[in-house]
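Read off the chains here:
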Amino acid sequence: MDDARLANLRQWFFDYCRTFYTENEEESRNIRLKEEHTARVCAAMEILADSVALSPADRRLAAVIALFHDVGRFEQYRRYRTFKDSTSVNHAALGARVLAEEGVLAGLPEEERRLITSSVGLHNVFRVPAGLGERHRLFLRLIRDADKLDIWRVFIEFYGQPAGERASAVSLGFPDIPECTPAVVATLLRGEMVDLATLRTLNDFKLLQLSWVFDLNFPRSRQMVRELGYVERLADTIPRSPDVDRAIGVVRDALFRVDPATF
Ligand SMILES: [Fe+2]
């Protein structure tokens, strides 16, 4: 894939997004949120790609994966008016289907098409599946980190906004009550990722987001989270108890642990 093709794909995505804006302000805010998220994930991907010294060709591939990672969000929202996969559709699988149905990747080499489609389709899985080829694993780990880095920004902005200005679909409908579920806190205390299915409240959702620190793949990602202060900023919005304090301590330890010299 050359630079001209990458530019075409960016134009396609821009035009595709335009077809989802409506007269309805709330709906358009949710669409805009995903369009902006995509732009920022692309920016984070460039930083990560630099940090692992990808070749120019692989950087373009990574850029396309970032551009399309949430392409399924638009159709998901149009059909179901939610970003909650559990009550609608797996947006990653839908994204892979959109790419195929729209013929977006036609003409690209088979290996590139496979890597892009599969990375889009798997970007949201709970854990990177075993048995992927090394290149596939690399791109999947990159998009998962780039995605998380911007989701933290989206949520921190969301929690800081007055209710009337929030993009309504961000909180996935969890009730904003001052409670953390003990089982969710216990998962963090074990240094494990929280499963979306165990959540009851918006504060649980914040704990889940904190647990993503355990799943970051690259030293540069942890560095960005430290520099941007995401853990502190998220933690500041959670009602504290001794257990919650300890859980946040576990997250902080993972973030500040010494990175090995190699990946
Ligand atoms: Fe996604």
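Throughout, residues of each chain are indexed from 1 in the direction in which the sequence is written. At least 70 in pLDDT is required for a residue's local features to be given in this predicted model, at least 80 for side-chain atom pairs to be given and counted, and no such filter applies to totals for whole chains, interfaces and linings, which use all residues. Heavy atoms throughout the structure, all of them, feed into the side-chain values; hydrogens and water do not.

Q: Before we move on, could you go through the pattern of salt bridges and cite the residues and values that matter?
A: Every case where a carboxyl oxygen of Asp or Glu lies within 4 Å of a side-chain nitrogen of Lys or Arg is listed as a salt bridge. Under the definition given, this model contains 22 salt bridges. The salt bridge involving Glu 75 is made with Arg 78; its shortest N-O contact spans 3.5 Å. Note that Glu 75 and Arg 78 are positioned in helix α4 (residues 72-80) at a spacing of three residues, about one turn of the helix. On the accessibility criterion, Arg 78 (42% relative accessible area) is partly exposed. For the purposes of this entry, the term helix denotes a DSSP run of H or I that reaches at least four residues, the term strand denotes a run of E that reaches at least two, and both are numbered from the N terminus. A simple rule labels every residue: compare its accessible area, found with a 1.4 Å probe on the protein chains alone, to the largest value its type can have, and call it buried under 20%, exposed over 50%, or partly exposed in between.

Q: Explain the environment of Val 225 residue by residue, including any values.
A: Within the fold, Val 225 resides in helix α10 (residues 219-228). The class for Val 225 is buried, based on a relative accessible area of 1%. Sequence-wise, Val 225 and Val 213 are 12 residues apart; in three dimensions their C-alpha atoms are separated by 8.5 Å. Those residues in contact with Val 225 that lie beyond four places of it in its chain are Leu 149, Trp 152, Leu 216, Tyr 230, Val 231 and Leu 255. A contact between two residues is defined here by any heavy atoms of the two lying within 4.5 Å.

Q: Run through the coordination of the iron ion, naming residues and quoting values.
A: Donor atoms from the polypeptide that bind the iron ion are Asp 70 (OD), His 91 (NE2) and His 123 (NE2), placed at 2.0 to 2.3 Å. The donor definition counts N, O and S atoms within 2.8 Å of each metal and applies 3.2 Å to Na, K and Ca; water is not among these atoms, so some sites may look incomplete. Mapped onto the sequence, the donors of the iron ion take the spacing D-x20-H-x31-H. Pair noted here: Asp 70 is in the loop between α3 (56-68) and α4 and His 91 is in helix α5 (residues 91-101), with a separation of 21 residues, a long-range link. Take Asp 70 and His 91: they sit in the same class, and that class is buried.

Q: Tell me about the domain arrangement of the protein, and name the residues and values.
A: According to the domain assignment, the protein consists of domain 1 (3-148) and domain 2 (174-256). By convention here, the domain bounds are inherited from an automatic or database domain assignment. One C-alpha centre belongs to domain 1, the other to domain 2; they are set 25 Å apart. On the domain 2 side, the residues contacting the 12 residues of domain 1 number 12 residues. For the domain 1 and domain 2 pair, buried surface summed over both sides reaches about 1200 Å², with 66% attributable to carbon and sulfur atoms. When two components associate, each loses some accessible surface as probed by a 1.4 Å sphere; the sum of these losses over both components is called the buried area. Contact with domain 2 buries surface across domain 1, with Phe 126, Asp 145 and Lys 148 losing the most and accounting together for 46% of the total. In this structure, Lys 148 and Asp 215 form a salt bridge, with 3.0 Å as the shortest nitrogen-oxygen distance. For this analysis, a polar contact is any N or O atom pair within 3.5 Å, provided that within protein one partner can donate a hydrogen and the other can accept it, and provided that sequence-adjacent residues contribute only side-chain to side-chain pairs. Here domain 1 is connected to domain 2 by six residue pairs in polar contact (both at pLDDT 80 or more). Among the elements of the structure, α2 (25-51) and α7 (134-160) are those that each provide at least two residues to the side of domain 1 that touches domain 2. With six residues, α7 is the single largest residue contributor to the side of domain 1 that touches domain 2. Classification used: nonpolar for Ala, Val, Leu, Ile, Met, Phe, Trp, Tyr, Cys and Pro, charged for Asp, Glu, Lys and Arg, polar for all others including Gly. For the side of domain 1 that touches domain 2, a count of residues per class yields six nonpolar, one polar and five charged.

Q: Run through the packing of aromatic side chains, naming residues and quoting values.
A: Stacked, tilted and edge-to-face pairs are distinguished by plane angle, under 30 degrees for stacked and over 60 for edge-to-face with tilted covering the rest, among Phe, Tyr and Trp rings (Trp via its six-membered ring) whose centres lie within 6.5 Å. Taken as a whole and assessed by the stated rule, the structure comprises 14 aromatic pairs. Between Trp 12 and Phe 68, the ring centres sit 5.7 Å apart and the planes meet at 80°, which makes this aromatic pair edge-to-face. In this pair, Trp 12 is assigned in helix α1 (residues 3-18) and Phe 68 in helix α3, connecting sequence segments 56 residues apart. The structure contains a cluster of three or more aromatic residues connected by ring pairs, namely Trp 12, Phe 13, Tyr 16, Phe 20, Phe 68 and Phe 74. Its end group placed over the ring of Tyr 159, Lys 206 keeps NZ or CZ at 4.6 Å from the ring centre. Over a ring means this: the NZ of a Lys or the CZ of an Arg is within 6 Å of the ring centre and within 35 degrees of the ring normal. The residue whose ring lies beneath Arg 226 is Phe 256, and the NZ or CZ to ring-centre distance is 5.8 Å.

Q: Explain the environment of Ile 116 residue by residue, including any values.
A: As for its placement among the helices and strands, Ile 116 is situated in helix α6 (residues 110-122). Taking relative accessible area as the criterion, Ile 116 reaches 0% and is therefore assigned buried. Placed 55 residues apart in sequence, Ile 116 and Leu 61 show a C-alpha to C-alpha distance of 7.3 Å. Once residues lying within four places of it in the same chain are set aside, the contact partners of Ile 116 are Met 1, Leu 61, Val 64, Ile 65, Phe 68, Leu 99, Leu 105 and Leu 108.

Q: Before we move on, can you summarise α4 with the specific residues and values?
A: Taken residue by residue, α4 has Gly 72, Arg 73, Phe 74, Glu 75, Gln 76 and Tyr 77 as its buried positions. Its buried side turned inward, α4 meets α1, α2 and α5. Arg 81 sits one or two residues past α4 and shows a positive phi near 55°.

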